[in-house]
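Working through the structure, step by step
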Amino acid sequence: MPSTDTAVKRQQGDPAHDQADEQWMRIALEEAYAGDRTPGAGEVGCAIVRDGELLMRGHNEAERTHDPTGHAEMVCLRRLGARLKTTDLSGCALYCTLQPCSMCAAACVWAGIRRVVYGAGRGDVHPDYFDARHLNASDLIRDAFRDDMEILGGLLRDECKALYAGPNGEPASKDEQPG
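Below is a short write-up of the structure. What you see as residue numbers is a count from 1 along each chain, following the sequence as written. Where local features are concerned, this predicted model is filtered to residues with pLDDT of at least 70; where side-chain atom pairs are given and counted, the filter is 80 or more; whole-chain, interface and lining totals use all residues. Working from all heavy atoms in the structure, the side-chain values ignore hydrogens and water.

Concerning the side chain of Glu73
When you line up the elements, Glu73 lands in helix H3 (residues 72–84). Lacking a salt bridge, the buried Glu73 has Arg78 as its closest oppositely charged neighbour, with an N-O distance of 10 Å. When near neighbours in sequence (up to four residues on either side) are disregarded, Glu73 contacts Val44, Cys46, Leu94, Cys96, Leu98, Pro100, Cys101 and Cys104. Labels follow the DSSP assignment, with helices taken as runs of H or I lasting at least four residues and strands as runs of E lasting at least two, numbered in each case from the N terminus. Categorising residues by exposure relies on relative accessible area from a 1.4 Å probe, with only protein chains included: less than 20% of the type maximum marks a residue as buried, more than 50% marks it as exposed, and the intermediate range marks it as partly exposed. When charges are counted, Lys and Arg contribute as positive and Asp and Glu as negative, whereas His and the chain ends are disregarded. Put simply, a salt bridge is a Lys or Arg side-chain nitrogen that is within 4 Å of an Asp or Glu carboxyl oxygen. The criterion used for residue contact is that any of the two residues' heavy atoms lie within 4.5 Å.

Rendered as structure tokens:
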């Protein structure tokens with residue numbers, strides 16, 4: 001069984017993490033810090049990209065909007081779908097500072113997202129960040145009825161996991177956003 005921090009489904013010739021991936025994850029990190037500074041928002045950031053173009057960026061808004069689905073991924077998927085007037089986001093890659101929960105992973109499957117890249121994984125953060133003990137995004141995507149989707153974890157892991165409480169409840173080690 002593949003590790004949750006490696007490709008679950010890979011397209012031939014597609015490299016794991018490259019320089020462009022790092023660029024997009026840094027935008028997701030910027031969003032996470034923006035969310036952390038915004039009252040009622042949260043410290044998970046997301047960016048959606050297609051063909052080298054940033055299409056949407058956002059952060060958690062669940063508490064601010066009183067919407068339990070207001071996770072960073074859902075916020076971006078919803079806004080991008082509305083902007084493009086479609087639910088089909090085929091060919092897009094989604095970058096997130098934290099491994100998507102099962103709700104967000106399922107939404108990526110339904111939206112046609114081709115690639116999910118995340119920073120901190122389940123083992124890097126406190127279990128309270130996730131909705132189920134044994135179900136994770138990698139399992140959901142691996143078992144989806146799609147052969148063109150992949151999930152990669154661990155990109156800028158240390159920078160991303162600093163935003164969140166540790167596995168044993170250690171406080172987040174984030175400082176102000178770098179740069």
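What follows continues from the structure just given.
Re helix H4 (residues 102–111)
Since the α-helix turns once every 3.6 residues, residues separated by three or four places project in the same direction. By the criterion of burial, H4 is predominantly enclosed, with seven of the 10 residues buried. The complete set of buried residues in H4 reads Ser102, Cys104, Ala105, Ala107, Cys108, Val109 and Ala111. One or two residues past the end of H4 sits Gly112, with phi positive at roughly 85°.

Remarks on the layout of surface pockets
Cavity: a set of points on a 1 Å grid over the protein atoms alone where a 1.4 Å probe fits but cannot get out. Pocket: an open set with protein on both sides within 12 Å along at least five of seven lines, its lining residues, like those of a cavity, having an atom within 4 Å of a point. Grid points are joined across faces, edges and corners, and a volume is the space filled by probe spheres set on the points. Its volume calculated, the largest pocket comes out at about 330 Å³. Lining of the largest pocket is provided by 21 residues; of these, Val44, Asn60, His71, Leu98 and Tyr129 occupy positions nearest its centre. Of all the elements in the fold, those that place two or more residues in the lining of the largest pocket are helix H2 (62–65) and strand E3 (93–98). Per-class residue counts for the lining of the largest pocket are 11 nonpolar, five polar and five charged. Amino acid classes used here: Ala, Val, Leu, Ile, Met, Phe, Trp, Tyr, Cys and Pro are nonpolar; Asp, Glu, Lys and Arg are charged; the rest, including Gly, are polar.

Let's talk about the pattern of salt bridges
If you walk through the whole model with that rule in mind, you get 12 salt bridges. As a salt-bridge pair, Glu159 and Arg26 come within 2.7 Å of each other at their nearest N and O atoms. With Glu159 in helix H6 (residues 157–161) and Arg26 in helix H1 (residues 19–37), this residue pair connects regions lying 133 residues apart in the sequence. For Glu159, a relative accessible area of 30% translates into the label partly exposed. The shortest N-O distance in the salt bridge between Arg114 and Glu150 comes to 3.9 Å. Residue Arg114 is located in the loop between H4 and strand E4 (115–120), and its partner Glu150 is located in strand E5 (residues 150–152); the two are separated by 36 residues in the primary sequence. It is possible to trace a salt-bridge network through shared partners that takes in Asp21, Arg114, Arg115 and Glu150.

What about the environment of Arg78?
Mapping Arg78 onto the fold places it in helix H3. Given a relative accessible area of 43%, Arg78 falls into the partly exposed group. Sequence separation of Arg78 and Ala111 is 33 residues, and the distance between their C-alpha atoms is 9.8 Å. Discounting chain neighbours no more than four positions away, the residues touching Arg78 are Asp67 and Thr69.

Topic: the packing of aromatic side chains
Stacked, tilted and edge-to-face are the three classes applied to pairs of Phe, Tyr and Trp rings, where Trp contributes its six-membered ring and a pair requires centres within 6.5 Å; stacked means planes under 30 degrees apart, edge-to-face means over 60, and tilted covers the rest. Applying the stated criterion across every chain, the model contains one aromatic pair. Ring centres 5.3 Å apart and planes at 75° place the aromatic pair Tyr129 and Tyr164 in the edge-to-face group. Separated by 35 residues along the polypeptide, Tyr129 in the loop between E4 and helix H5 (137–142) and Tyr164 in the segment after H6 bring together distant segments of the chain. When its relative accessible area of 27% is taken as the criterion, Tyr129 is described as partly exposed. Only when the NZ atom of a Lys or the CZ atom of an Arg is both within 6 Å of the ring centre and within 35 degrees of the ring normal do we say a charge sits over the ring. We note Arg122 situated over the ring of Phe130; from NZ or CZ to the ring centre the distance is 4.7 Å.

Section: unusual backbone geometry
The backbone phi angle of His66 is positive, close to 55°, even though this residue is not glycine. Structurally, the position occupied by His66 is in the loop between H2 and H3. Positive phi, close to 55°, is recorded for Leu156, a residue that is not glycine.

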